[in-house]
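This is what each chain is made of:
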Amino acid sequence: MFSSSHNPNKDHEVTQPPNDSVSSLSFSPSADFLVGGSWDNCVRCWEIKQSGSVVQSEPKAEQLMAGPILSTCWSGDGSKVFAGGCDKSVKMWDLNSNTFTQVAAHDAPVKTVNWIQAPGYQCIMTGSWDKTLKFWDTRQQQPMMTINCEERVYASDVLYPAAVVVLAGRKVKVLSLENQPTVLHTSEPPLRYQLRDISIFKKDGKPAGYGVCSIEGRAAIEPFDNNSANSKDKFTFKCHRSATSDHNKPQEIYSVNGIKFHPSYGTLATVGSDGKFAFWDKDARTKLKGSEQLDNTITCCDFNHNGQYFAYASSYDWSKGHSFHNPQQKNYIFVRAVKDELKPRKK
């Protein structure tokens with residue numbers, strides 16, 4: 001059962017939230033601007049501020065696409081936003097001129113968009129349900145490169161020089177982006193059901209592995225160095241499940257819809273269909289914080305560039321089908337000033 005409160009954690013409610021389910025949240029890499037993509041076909045931008053301990057938000061602008069938006073990302077300098085979605089295109093939103101132009105296209109909805117900033121090139125990587133991954137110089141009409149995937153693209157993350165891509169069929173592709181994008185290997189994480197989201201973590205400032213989450217109330221931590229003798233770095237953990245002490249009663253298991261690593265501490269957040277977020281320390285294998293339960297599922301989340309803010313969206317994820325959809329229920333985006341809540345446990 002969900003709580004009766006839409007904001008039991010008393011976090012800041014972003015002003016003028018979307019009118020339908022929120023599919024994507026992305027903070028600017030250089031300033032405290034947040035964009036959200038939604039099933040109401042709209043991508044919106046807010047400025048996030050803090051006055052003393054009070055978080056505030058100011059709507060800055062919005063743009064409309066021809067179908068629901070499934071993914072958003074920023075250019076490396078924070079001057080442009082890219083949005084991909086069900087109209088099979090990716091649009092580039094230049095925030096300085098407020099222009100909105102198409103820069104990429106697929107044969108099916110675009111599920112993921114990521115910015116790549118390499119020493120020798122810069123481009124966007126787009127993943128689609130047409131089973132391709134494409135790389136686009138936004139000044140050209142044709143892609144620089146296309147990688148054919150064996151299945152639909154569901155999620156992705158980029159942290160140069162690494163990229164990871166989740167496919168249907170519980171597959172993960174690991175790419176190297178040095179010189180040009182190259183698939184290093186395709187693997188199957190130790191999760192038995194559909195994968196929902198993926199996020200790269202760092203060690204000593206470099207990409208060291210990824211966290212991936214699934215619909216079975218479970219997540220996996222997978223280091224890139226599979227030959228590491230230190231196998232304790234590779235594990236799965238249960239999350240977003242109902243607490244039960246009675247082993248005769250069934251446990252409710254919820255989808256883990258989002259996973260993100262803190263940019264400074266290397267700890268992580270997960271959000272789920274149980275209407276909760278949780279903060280974790282993967283190295284100490286411990287939960288740092290569990291939230292109060294919202295009155296709706298949480299669909300996605302993100303940290304800002306310095307890890308000061310954690311944004312998460314409360315809207316229906318359709319995990320229980322049409323009969324549980326309440327069109328009167330509002331959608332919310334919350335921003336939490338996390339302070340020291342994600343600091344790793346002292347060893």
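Scroll up to find the structure.
Below: a short report on this structure. (Residues numbered from 1 in each chain as written. Predicted model: local features only at pLDDT ≥ 70, side-chain atom pairs only at ≥ 80, totals over all residues. Heavy atoms only, no water.)

1. Quick notes on the overall build of the protein chain
(1) Moving on: What the protein chain contains, in helices and strands, is zero helices and 28 strands.
(2) Moving on: For the protein chain, the spread of C-alpha atoms along the principal axes amounts to about 60 × 50 × 45 Å.
(3) Moving on: Long-range contacts, defined here as pairs at least 24 residues apart, represent 46% of the contacts in the protein chain between residues at least 6 apart.
(4) Moving on: On the protein chain, roughly 15,900 Å² of surface is accessible, and the fraction owed to carbon and sulfur atoms is 45%.
(5) Moving on: For the protein chain, the centre of its 40 positive side-chain charges and the centre of its 36 negative side-chain charges are spaced 4 Å apart. (Helix = DSSP H or I, 4+ residues; strand = E, 2+ residues; numbered from the N terminus. Contact = heavy atoms within 4.5 Å. Areas by Shrake-Rupley, 256 points an atom, 1.4 Å probe, with all protein chains shown as cover. Lys, Arg positive; Asp, Glu negative; His and termini not counted. Charge placed at Lys NZ, Arg CZ, Asp CG, Glu CD.)

2. A look at the pattern of salt bridges
(1) Moving on: Under the defined criterion, the tally for this structure stands at 16 salt bridges.
(2) Moving on: Notably, a salt bridge pairs Lys173 with Glu150, separated by 3.1 Å at the nearest N-O pair. With Lys173 in strand E16 (residues 171-176) and Glu150 in the loop between strand E13 (145-148) and strand E14 (153-159), the pair connects residues that are 23 residues apart, well separated along the chain.
(3) Moving on: Here Lys173 falls in the buried class, since its relative accessible area comes to 6%.
(4) Moving on: Between Asp197 and Lys260 there is a salt bridge; the shortest N-O distance is 3.5 Å. Here Lys260 lies in strand E22 (residues 256-261) and Asp197 lies in strand E18 (residues 195-203), a separation of 63 residues in the sequence. For the pair shown, Asp197 and Lys260 are each scored as buried.
(5) Moving on: A network of salt bridges, in which partner residues are shared, links Glu47, Lys49, Glu58 and Lys60. (Salt bridge = Lys/Arg side-chain N within 4 Å of Asp/Glu carboxyl O. Buried < 20%, exposed > 50% of the residue type's maximum accessible area, 1.4 Å probe, protein only.)

3. A few points about the packing of aromatic side chains
(1) Moving on: Summed over the entire model, instances satisfying the criterion amount to 15 aromatic pairs.
(2) Moving on: Taking 5.3 Å as the distance between ring centres and 55 degrees as the angle between the ring planes, the aromatic pair formed by Phe201 and Phe261 counts as tilted. Of this pair, Phe201 sits in strand E18 while Phe261 sits in strand E22; the two residues are 60 residues apart in sequence, bridging distant segments of the chain. Both residues of the pair, Phe201 and Phe261, belong to the buried class.
(3) Moving on: Ring geometry for Phe303 against Phe310: centres 5.1 Å apart, planes inclined by 45 degrees, an arrangement best described as tilted. You'll find Phe303 and Phe310 in the same group, each marked buried.
(4) Moving on: By way of ring pairs, the aromatic residues Phe277, Phe279, Phe303, Phe310, Tyr312, Tyr332 and Phe334 are connected into one cluster.
(5) Moving on: Over the face of the ring belonging to Phe201 we find Lys282, whose NZ or CZ atom lies 4.3 Å from the ring centre. (Phe/Tyr/Trp six-rings, centres within 6.5 Å; stacked < 30°, edge-to-face > 60°. Lys NZ or Arg CZ within 6 Å of the ring centre and 35° of its normal.)

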